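# Residue-level structure breakdown
Here is how the chains run, residue by residue.
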Amino acid sequence: MERVNVHFEDLTEGDEISDWPPVENITRTHFVRYAGASGDFNPMHHDDSIASKVGYPSVFGHGMFTAGVLGHYLTDWVGVGNVRRYAVQFKGQLYPGRTISLKAKVTRKYKENGENRVDADLSVVDDQGTTILTGSATAALPSRG
């Protein structure tokens, strides 16, 4: 059974959801595990010598790794089966040792196709203040009544 932590009536346009727990101390092991799961073995994500040759201070995480973490938080919030749209834009690199914070802001509430829908802007920011990823989502939420 899917977990739904929010109902349509719980949200108002402009609400900010910023109390999700941060993901602390992202490690190289996270990147290597993601490479194994995705099949993306680009050396920029696991080989410091390659990353430094092209101007990066170290290896960095796959953009889709960060998108996956954000997607996990999103589905915990609205329920897996309730996501109607999810889009992301990669903005910065996620380096080992960083902590990331994930946030959402409700931008619109409306009814469409017989569903109670909400649109939200999403973001992932690291502990250095760098925006790693931005995005948006639409979810169909259950009603309390």
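In the block above lies the structure referred to throughout.
Before going into details, it helps to say that this report is about the structure given with it.

In this section: helix α3 (residues 63–78). Helix length check: α3, at 16 residues, gives a terminal C-alpha distance of 22 Å against a target of 22 Å (1.5 Å per residue), a fit within 8%. Listed in full, the buried residues belonging to α3 are Phe-65, Thr-66, Ala-67, Val-69, Leu-70, Gly-71, Tyr-73, Leu-74, Trp-77 and Val-78. The inward-facing, buried residues of α3 contact β1 (16–17), α1 (28–38), β2 (83–90), β3 (100–112), β4 (115–126) and β5 (131–141).

Turning our eyes to something else, we now look at the sheet that holds β3. Pairing is antiparallel across the open sheet formed by five strands, whose spatial order is β1-β3-β4-β5-β2. Two strands in the sheet have a free side with no partner beyond their single neighbour: β1 and β2. Two elements, β1 and β3, share two bridges in a ladder whose sense is antiparallel. Within β3, the residue paired with Glu-16 across the bridge is Lys-105. Across the sheet, α3 lies against β1, β2, β3, β4 and β5, angled at about 150° from β2, the strand it touches most.

Cut-offs used in this document
- Residues numbered from 1 in each chain as written.
- Predicted model: local features only at pLDDT ≥ 70, side-chain atom pairs only at ≥ 80, totals over all residues.
- Heavy atoms only, no water.
- Helix = DSSP H or I, 4+ residues; strand = E, 2+ residues; numbered from the N terminus.
- Expected span 1.5 Å × (residues − 1).
- Buried < 20%, exposed > 50% of the residue type's maximum accessible area, 1.4 Å probe, protein only.
- Contact = heavy atoms within 4.5 Å.
- Pairing = 2+ DSSP bridges.
- Axes fitted to C-alpha atoms, helices over the stretch in contact; angles between N-to-C directions.

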